[in-house]
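# Secondary and tertiary structure notes
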Amino acid sequence: IGWLLDKFDDLISNVVEDEINDIACQELDSLATSMGEDFLKFAGDLINEYLGDLPNEDPLAAENALDPPGDVDLLNFKDTGNVIGEWFDDIMEEADKMLGDQQDDPINSGTDLGINILFRDLLLDDDGALTIDVGKILSGGAILLNTHDKLTQTVMTLKAVKCFGLDTLTKFEPLVSIGNFTLQNELKWEYLTIEADIEIKIKPSSRDDAIISNP
């Protein structure tokens, strides 16, 4: 009798185990799909507003619509005949030479734009990245996903972001006067790469209808 019961127990255990494995695989597949879709949506929403063609708008529209009070004297960037205008023009010219022209690079052999050298000196890590510690800024990180289903509890947290390529500027014109009261800028990079440090925590579900429960 004993050996028969053991066989029956093994048979039932195998059947139950197989069923649990099938359900677990289905739930994990659904979870992975959901996590991937949510993260891609988050990333898409973040960068979509910067994609596509720029609107064909007149950059001088705001200036042309200006109607300042009579007692307000605006700084005219094109008028270098007065002291303030000449002073501003000199500052912009020196800034362009210092940051937008080729300078001797003390770290890498040869020359590079001054702004790239400044970035390496002041902003970038040894690996050439600008690191944003999201965990410190938002006390633990930014939660990208927080789900709780019948199989697991899952929390996906953005801990840090690294941006590579900030020191690959090939053109740096931060303040170009295109109107009497309007400045325009133009920046060009060889490349920019974003690296995200994401922490994923998965633990068994604690719901009443959980597939696997602790008796």
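This text gives an overview of the structure that appears in the document. (Residues numbered from 1 in each chain as written. Predicted model: local features only at pLDDT ≥ 70, side-chain atom pairs only at ≥ 80, totals over all residues. Heavy atoms only, no water.)

### Focus on the overall build of the protein
- From N to C terminus, the protein includes 5 helices and 8 strands.
- Listing the helices and strands of the protein from first to last along the sequence gives α-α-α-β-β-α-β-α-β-β-β-β-β.
- By residue count, 23% of the 215 residues in the protein fall in the buried class.
- Here the contacts in the protein between residues at least 6 apart in sequence split such that 62% fall between residues at least 24 apart.
- A total of about 15600 Å² of accessible surface is found on the protein, and carbon and sulfur atoms cover 55% of it. (Helix = DSSP H or I, 4+ residues; strand = E, 2+ residues; numbered from the N terminus. Buried < 20%, exposed > 50% of the residue type's maximum accessible area, 1.4 Å probe, protein only. Contact = heavy atoms within 4.5 Å. Areas by Shrake-Rupley, 256 points an atom, 1.4 Å probe, with all protein chains shown as cover.)

### Examining helix H3 (residues 83-100)
- End to end, H3 covers 25 Å across 18 residues, agreeing with the expected 26 Å (1.5 Å per residue, within 8%).
- Taken residue by residue, H3 has Gly85, Phe88, Met92 and Leu99 as its buried positions. Along the axis of H3, the buried positions cluster into a sector of 85°, meaning they face one direction only. Structural note: H3 exposes Val83, Trp87 and Met98 on the side pointing more than 90 degrees away from its buried face.
- Lining the buried residues of H3 we find strand S2 (111-113), helix H4 (114-122), strand S6 (169-177) and strand S7 (183-189). (Expected span 1.5 Å × (residues − 1). Arc of directions from axis to C-beta.)

### Comments concerning H4
- Taken as a whole, H4 has its buried residues at Gly114, Ile115, Asn116, Ile117, Phe119 and Arg120.
- Those residues of H4 hidden inside the fold are in contact with H3, strand S1 (102-104), S2 and S6.

### Let's talk about the pairing of strand S4 (residues 142-148)
- The pairing of S4 with strand S5 (residues 152-164) spans 6 bridges and is classified as antiparallel. Bridge assignment links Ile143 to a residue of S5, and that residue is Thr157.
- Hairpin connection, S4 to S5: the antiparallel pair is bridged by 3 residues. (Pairing = 2+ DSSP bridges.)

### Some remarks on the side chain of Asp149
- Within the secondary structure, Asp149 is located in the loop between S4 and S5.
- One polar contact links the side chain of Asp149 to the main-chain amide nitrogen of Thr152, over a distance of 2.8 Å. (Polar contact = N/O pair within 3.5 Å; in protein donor to acceptor, adjacent residues only side chain to side chain.)

### Section: the pattern of salt bridges
- Following the criterion strictly, the structure yields 9 salt bridges and no others.
- A salt bridge links Asp105 to Arg120; the shortest N-O distance between them is 3.0 Å. Of this pair, Asp105 sits in the loop between S1 and S2 while Arg120 sits in helix H4; the two residues are 15 residues apart in sequence, bridging distant segments of the chain. With respect to burial, Asp105 and Arg120 carry one shared label: buried.
- Put simply, Asp105, Asp112, Arg120 and Asp167 are held in one network by salt bridges that share partners. (Salt bridge = Lys/Arg side-chain N within 4 Å of Asp/Glu carboxyl O.)

### Focus on the environment of Asn185
- Among the secondary structure elements, Asn185 is positioned in strand S7.
- Overall, Asn185 belongs to the exposed group, its relative accessible area being 52%.
- Considered as a pair, Asn185 and Leu175 are 10 residues apart in the sequence and their alpha carbons are 5.3 Å apart.
- Look past the residues within four positions of Asn185 in its chain and what remains in contact with it is Glu173 and Pro174.

### Thoughts on a nonpolar patch on the surface
- On the surface, a nonpolar cluster with roughly 510 Å² of combined accessible area is contributed by Leu75, Val83, Ile84, Trp87 and Ile91.
- The topology assignment puts Leu75 in the loop between helix H2 (61-64) and H3. (Patch = residues over 30% accessible without salt bridge, like charges linked within 9 Å, V, L, I, M, F, W, Y side chains within 5 Å.)

### Focus on a negative patch on the surface
- Negative charge collects at one region of the surface, where Glu86, Asp89, Asp90 and Glu94 lie side by side.
- By secondary structure assignment, the location of Asp89 is in helix H3. (Lys, Arg positive; Asp, Glu negative; His and termini not counted. Charge placed at Lys NZ, Arg CZ, Asp CG, Glu CD.)

### Things to note about the side chain of Thr182
- Mapping Thr182 onto the fold places it in the loop between S6 and S7.
- A polar atom in the side chain of Thr182 sits 2.5 Å from the side chain of Glu63.
- Apart from residues no more than four positions distant in its own chain, Thr182 is found in contact with Pro59, Leu60, Glu63, Phe77, Val176 and Ser177.

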